[in-house]
Amino acid sequence: MAKPVSIEVWNPNGKYRVVSTKSMPGTRWINLLIQQDCRVEICTEKKTILSVEDIVALIGDKCDGVIGQLTEDWGEVLFSALSRAGGKAFSNMAVGYNNVDVNAANKYGVAVGNTPGVLTETTAELAASLSLAAARRIVEADEFMRAGLYDGWLPHLFVGNLLKGQTVGVIGAGRIGSAYARMMVEGFKMNLIYYDLYQATRLEKFVTAYGEFLKATGEKPVTWKRASTMDEVLQEADLISLHPILDKTTYHLVNKERLSKMKKEAILINCSRGPVIDEVALVEHLRQNPMFRVGLDVFEDEPYMKPGLAEMKNAIVVPHIASASKWTREGMATLAALNVLGKIKGYPVWSDPNRVEPFLNENAPPPAASPSIVNAKALGLPVSKL
Ligand SMILES: NC(=O)C1=CN([C@@H]2O[C@H](COP(=O)(O)OP(=O)(O)OC[C@H]3O[C@@H](n4cnc5c(N)ncnc54)[C@H](O)[C@@H]3O)[C@@H](O)[C@H]2O)C=CC1
Ligand SMILES: O=C(O)C(=O)CO
């Protein structure tokens, strides 16, 4: 018998019981659920990461849907518990769902939602912030200043890299990778090289058009290249940002051998998932190459860092905050709630998860659809005609 978990209840007499494993930003997501006759239970346990046992207790005997977090292990145990409780809907409050065993969800007929689109620009902006902070050694300089060590301007003080005219490399040019690439190309006039399993046609067109604009105004045009191997990006780029999903093909994509192919003064940014980089190999590489710099939002054993990383001056580390803007986090909560609500109400699945704006308009009711269900096809769910 699992131990009870503390909760806060909204609309106690609602017909459908929806559980959120965490408090989420904003109130729109709660109101949307309440308006559709849901009783909303929000876990108020103090600990940051809930165990599978905690979540089983939250699900209880009757539960129509759960909104969960990327820190939770959603597999056989939780999907079978949800199914036993009569639930057929789960949504991660995240676009990445490497914490979810979708096959297990399929086995129990549970729809799995995620929250694409609403975090694209916010995450890309954090990757751009880390890129600039690493290139211009902002964190080191800030520490130096606060330590009272600044005693006057010097020609060699915190000399970093100029981005303009250098090459930005993007691994995984999907929604976020492409948004980041556009920021770095347009903002800093960097040339682009990218590697993805698919062609990023819109991104290529954007860089071509921007290059033509620069040329027409008498400036050196920017260029783009789609690399046929990831190693080509590692060898050619001065700044590399990782934006693939985490799966078997991207686990330790950046390892010791690949790090050795990068330029000695290159900058590596990771705002995807920690295990995309072999972090032990990275710490060793940072030690051996003091001019190599890294900006990390995610870690292999999150929330922990591999030994030695925290001491490296050439590493900037932040606690998985890439999607942390108010608008984005409130939007993620809304999309996650609507994924669950849509399944409970028997709505179809939205036809294009890249076009989620209609769900985010606070001045209009959201469409009667689940914004993004990743296993819609496997479950044979109907698709919205809107
Ligand atoms: N740090 C943070 O707070 C955040 C992290 N993320 C992470 O970013 C990931 C990407 O998000 P989106 O851009 O929205 O997804 P997306 O699906 O639009 O883009 C992922 C891209 O990776 C590519 N890809 C897949 N396997 C690859 C491989 N082996 N080599 C190269 N490219 C490969 C895909 O073809 C796709 O273009 C999420 O899955 C999530 O893990 C997302 C949001 C916030
Ligand atoms: O949406 C995701 O995948 C995240 O990592 C949230 O920040």
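Numbering of residues starts from 1 in every chain and runs along the sequence as written. Chains carry letters and ligands carry numbers; both start at the beginning, A for chains and 1 for ligands, and go up in the order they are written. With pLDDT at 70 or above as the cut-off, local features in this predicted model cover only qualifying residues; side-chain atom pairs require 80 or more to be listed or tallied, and sums for whole chains, interfaces and linings still use all residues. Based on all heavy atoms of the structure, the side-chain values leave hydrogens and waters out of the count.

### Observations regarding the environment of valine 207
Note the following rule: The helix and strand labels rest on DSSP assignments: H or I over at least four residues marks a helix, E over at least two residues marks a strand, and numbering proceeds from the N terminus. Burial classes: relative accessible area under 20% of the type maximum marks a residue as buried, over 50% as exposed, and values in between as partly exposed (1.4 Å probe, protein chains only). Only heavy atoms matter for contacts: two residues are in contact if any of them lie within 4.5 Å across the pair.
Inspection of the secondary structure puts valine 207 in helix H8 (residues 201-216). Residue class for valine 207 comes out buried when judged on its relative accessible area of 0%. When the C-alpha atoms of valine 207 and lysine 261 are compared, they prove to be 26 Å apart, with 54 residues separating the residues in sequence. Not counting residues up to four positions away in its chain, the partners in contact with valine 207 are Val185, Leu192, Val222, Thr223 and Trp224.

### Observations concerning the pattern of salt bridges
This is how the line gets drawn: Salt bridges are counted wherever a side-chain nitrogen of Lys or Arg sits within 4 Å of a carboxyl oxygen of Asp or Glu.
Within the structure shown, the criterion is met by 19 salt bridges. With a shortest N-O distance of 3.4 Å, lysine 225 and glutamate 232 are connected by a salt bridge. In this structure lysine 225 comes out as partly exposed when scored by relative accessible area, which is 32%. Judged by relative accessible area, which is 18%, glutamate 232 ranks as buried. A single network of salt bridges, built from pairs that share partners, joins Asp231, Glu257, Arg258 and Lys261.

### What about the sheet that holds strand S2 (residues 16-20)?
We apply this condition: Strand pairing is defined by DSSP finding a minimum of two bridges between the two strands. Axis angles are defined between N-to-C directions and span 0 to 180 degrees, where every axis is a line fitted to C-alpha atoms and, for a helix, only to the segment in contact.
The 6 strands are arranged S1-S3-S2-S4-S5-S6 in an open sheet whose pairing can be described as mixed. For this open sheet the edge positions go to strand S1 (7-10) and strand S6 (111-113), each flanked by a neighbour on one side alone. For this sheet the average axis-to-axis angle between neighbouring strands, irrespective of direction, equals 20°. Examined bridge by bridge, strand S4 (residues 65-68) and strand S5 (residues 89-92) share 4 bridges and lie parallel to one another. The residue of S5 that forms the bridge with glycine 65 is alanine 89. Those strands touched by helix H1 (residues 28-35) are S1, S2, strand S3 (38-43) and S4, and its axis lies near 145° from that of S3.

### What to know about the sheet that holds strand S10 (residues 239-242)
Sheet architecture is open: 7 strands sit in the order S9-S8-S7-S10-S11-S12-S13, paired in parallel fashion. Looking along the sheet, the strands with just one partner apiece sit at the ends: strand S9 (224-226) and strand S13 (315-317). Strand-to-strand twist in this sheet, taken as the mean axis angle between neighbours without regard to direction, amounts to 15°. Pairing of strand S12 (residues 293-296) with S13 involves 3 bridges; the strand directions are parallel. Across the sheet, leucine 296 pairs through a bridge with valine 317, a residue of S13. Running at roughly 155° to S9, H8 makes contact with strand S8 (191-195) and S9 of the sheet.

### Considerations on the environment of glutamine 199
Let me state the cut-off plainly: We define a polar contact as two N or O atoms separated by no more than 3.5 Å, with the added condition that, inside protein, one atom must be a possible hydrogen donor and the other a possible acceptor, whereas residues neighbouring each other in sequence contribute only through side-chain atom pairs.
Along the polypeptide, glutamine 199 turns up in the loop between S8 and H8. A residue is classified by how much of its surface remains accessible, and glutamine 199, at 48% relative accessible area, is partly exposed. In sequence terms glutamine 199 and lysine 313 are 114 residues apart; their C-alpha atoms lie 36 Å from each other. If we skip the residues at most four places from it in the chain, glutamine 199 touches Tyr194, Glu204 and Arg226. In terms of polar contacts, glutamine 199 uses its side chain to reach the side chain of glutamate 204, at 2.8 Å.

### Observations concerning the packing of aromatic side chains
Stated precisely, the cut-off is as follows: Stacked, tilted and edge-to-face are the three classes assigned to paired rings of Phe, Tyr and Trp, where Trp is represented by its six-membered ring and a pair needs centres within 6.5 Å; plane angles under 30 degrees give stacked, over 60 edge-to-face, the rest tilted.
According to the stated counting rule, one finds 7 aromatic pairs in the structure shown. For the ring pair tryptophan 74 and phenylalanine 79, a centre distance of 5.4 Å and an interplane angle of 55° mean the geometry is tilted. Since its relative accessible area comes to 0%, tryptophan 74 is described here as buried. Both rings, one in tryptophan 350 and one in phenylalanine 359, keep their centres 4.9 Å apart while their planes meet at 85°; by these two values the pair is edge-to-face. Relative accessible area serves as the criterion here: at 0%, phenylalanine 359 is assigned to the buried category. What links up through ring pairs into an aromatic cluster is the set Trp74, Phe79 and Phe90.

### Remarks on the site of ligand 1
Cut-off, in case you're wondering: Note on terminology: near, applied to a residue and a molecule or strand, indicates that one of the residue's heavy atoms is within 4 Å of it. Areas reported as accessible are Shrake-Rupley estimates using a 1.4 Å probe. Residue values count occlusion only from the protein chains shown. Note that Gly is not counted as nonpolar here; it falls among the polar residues with everything else outside the nonpolar set of Ala, Val, Leu, Ile, Met, Phe, Trp, Tyr, Cys and Pro and the charged set of Asp, Glu, Lys and Arg.
Among the 26 residues in the neighbourhood of ligand 1, the closest are listed as Arg175, Ile176, Asp196, Cys271 and Asp297. At 2.9 Å, a backbone N or O of arginine 175 approaches an oxygen atom of ligand 1. Interatomic distance of 2.9 Å between a backbone N/O atom of isoleucine 176 and an oxygen atom of ligand 1. Considering ligand 1 on its own, with 870 Å² of exposed area, one finds that the protein chains cover 89% of that surface. Its residues assigned to classes, the shell around ligand 1 comprises 12 nonpolar, 10 polar and 4 charged.

In short, geometric facts, not functional conclusions.
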